[in-house]
Amino acid sequence: MRVPSSADEEIIYAESGQVATERSDAERLQRVQHELELGFSELGEIGPAVCVFGSARLPEDGPDYQRARDLGRALGQAGFAVITGGGPGLMEAANRGAQDVDALSVGLNIELPHEQALNPYVDLGIEFHYFFTRKLMFLRYSDAFVVFPGGLGTFDELFEALTLIQTGKAVDHPVVLEGSEYWSGLMEWISSHGVARGMLTAEDLAQAEVADGVEDVMGRLRSGMSASG
């Protein structure tokens, strides 16, 4: 039996015998409640905000980093706070862009087996032990999502948002995918397989719009927010 590498692993495998049980269910519930209360308290007054997702692994000298930074600036200039996962790479870039124009830069960091520290461009940072409490904060305190190229974590955040929109849980969240070179193949695959076989509708897929560049992203956000309310 091994020591769990994260709070998520500890709670998921609590009954399996594969990892050591470090807390009682009462203690786990207390921690979940604390994270929810902390998020509600800290984020409740941030005002209009846009969530930016993207890879932690892309370097500062790459074009995606620069576009994410430019978008952070544009969002800040338009009156939005910028919320990211608080880590490096494209999350850092968007936070950095927000700080460039003195907009509120928010980072919702997550405990991982390989430590991911908050990037230095966060004004308001919160550390979460549980993915599910963190995801609630992304949804509750953002008005829209912009999704840059990323890996499994980015895909998870994207499809979580689309699922909640499809099921009526987050109906007012425009979703914009930045970078047609990266996203168009995925969208085409979903259309030719999922939509074609009736597993989802064209309207479901249309919830995510593909855009190229900051001006295109901002235009789609304005259009989507106007249409939603």
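Not measured: the values here are computed from a predicted model.

Could you clarify how one ought to interpret the overall build of the protein chain in this entry?
When you go through the protein chain residue by residue, the secondary structure sums to nine helices and seven strands. In terms of overall dimensions, the protein chain is globule-like: its C-alpha atoms have a radius of gyration of 18 Å, near the 17 Å expected for 229 residues. When its C-alpha atoms are laid out on the principal axes, the protein chain stretches across 50 × 50 × 35 Å. Looking at the protein chain residue by residue over its 229 residues, the buried ones come to 46%. Long-range pairs, those at least 24 residues apart, make up 66% of the contacts in the protein chain with a sequence separation of at least 6.

Sorry if this is basic, but what is going on with empty space enclosed by the protein here?
Going through the model one piece at a time under the given rule, you end up with one cavity of 30 Å³ or more. The space that makes up the largest cavity amounts to roughly 40 Å³. Looking at the largest cavity, the residues that line it are F53, K135, F138, L139, E157, E160 and A161. Partitioned by chemical class, the residues of the lining of the largest cavity number four nonpolar, no polar and three charged.

I tried to follow the nonpolar core on my own but got confused; where do I start?
For soluble globular proteins, the rule of thumb is that nonpolar side chains tend to be buried together. Among the nonpolar cores identified, the biggest contains 31 residues, and L43, I83, L108, V175 and L177 are the most heavily contacted of them. When residues in this core are grouped by element, the largest group, four residues, is from helix α6 (residues 152–166). Residues in contact with L177, not counting those within four places in the same chain, are V147, L158, W183, M187, A208, E209, V210 and A211. In terms of nonpolar packing, the next biggest core, distinct from the first, is built from 23 residues, A74, L90, F148 and M218 among them.

Looking at this model, I keep getting lost on the environment of I126. Mind explaining?
Secondary-structure assignment places I126 in strand β4 (residues 124–128). Since its relative accessible area comes to 3%, I126 is described here as buried. Expressed as a C-alpha distance, the spacing of I126 and E42, which sit 84 residues apart in the sequence, is 8.2 Å. Beyond its immediate chain neighbours, meaning those up to four positions away, I126 contacts L38, G39, E42, L43, G107, L108 and N109.

What should I look at first to understand the packing of helix α3 (residues 63–77) against helix α4 (residues 90–100) in this one?
Between two packed helices, what matters for the description is the angle formed by their axes and the separation of those axes. Packing of α3 against α4 brings their axes to within 6 Å, and their N-to-C directions diverge by 35 degrees. α4 is crossed by α3, and the crossing has right-handed handedness. Packed against α3, whose contacting residues are D64, Y65, A68, R69, G72 and R73, the element α4 presents L90, E92, A93, A94, R96, G97, A98 and D100 at the interface. Classifying every residue of the contact of α3 with α4 gives six nonpolar, two polar and six charged.

Which parts of the structure should I look at to understand the layout of surface pockets?
Regions of empty space are outlined by a rolling probe, equal in size to a water molecule, passed over the atoms. If you add up the space inside the largest pocket, you get close to 580 Å³. Lining the largest pocket are 23 residues, and of these A56, M91, L112, Q116 and G153 sit closest to its centre. Looking at the lining of the largest pocket, the elements that each hand over two or more residues are β1 (49–53), α5 (131–140) and α6. It is α6 that contributes the most residues to the lining of the largest pocket, five residues altogether. For the lining of the largest pocket, the class distribution of residues is 10 nonpolar, eight polar and five charged. Put simply, the second largest pocket is a space of about 180 Å³. Contributing to the lining of the second largest pocket are F159, L162, T163, Q166, I190, L200, D204 and L205. Residue assignment for the lining of the second largest pocket shows that the elements contributing at least two residues are α6 and α8 (202–205).

About the criteria used
Residues numbered from 1 in each chain as written. Predicted model: local features only at pLDDT ≥ 70, side-chain atom pairs only at ≥ 80, totals over all residues. Heavy atoms only, no water. Helix = DSSP H or I, 4+ residues; strand = E, 2+ residues; numbered from the N terminus. Rg over C-alpha atoms; globule rule 2.2 N^0.38 Å. Buried < 20%, exposed > 50% of the residue type's maximum accessible area, 1.4 Å probe, protein only. Contact = heavy atoms within 4.5 Å. 1 Å grid on protein atoms, 1.4 Å probe; cavity = no way out; pocket = protein on both sides within 12 Å on 5 of 7 lines; lining within 4 Å. Points joined across faces, edges and corners; volume = space filled by probe spheres on them. Nonpolar A, V, L, I, M, F, W, Y, C, P; charged D, E, K, R; others polar. Core = buried A, V, L, I, M, F, W, Y, C linked by side-chain atoms within 4.5 Å. Axes fitted to C-alpha atoms, helices over the stretch in contact; angles between N-to-C directions. Left-handed = near helix turned anticlockwise from the far one by under 90°.

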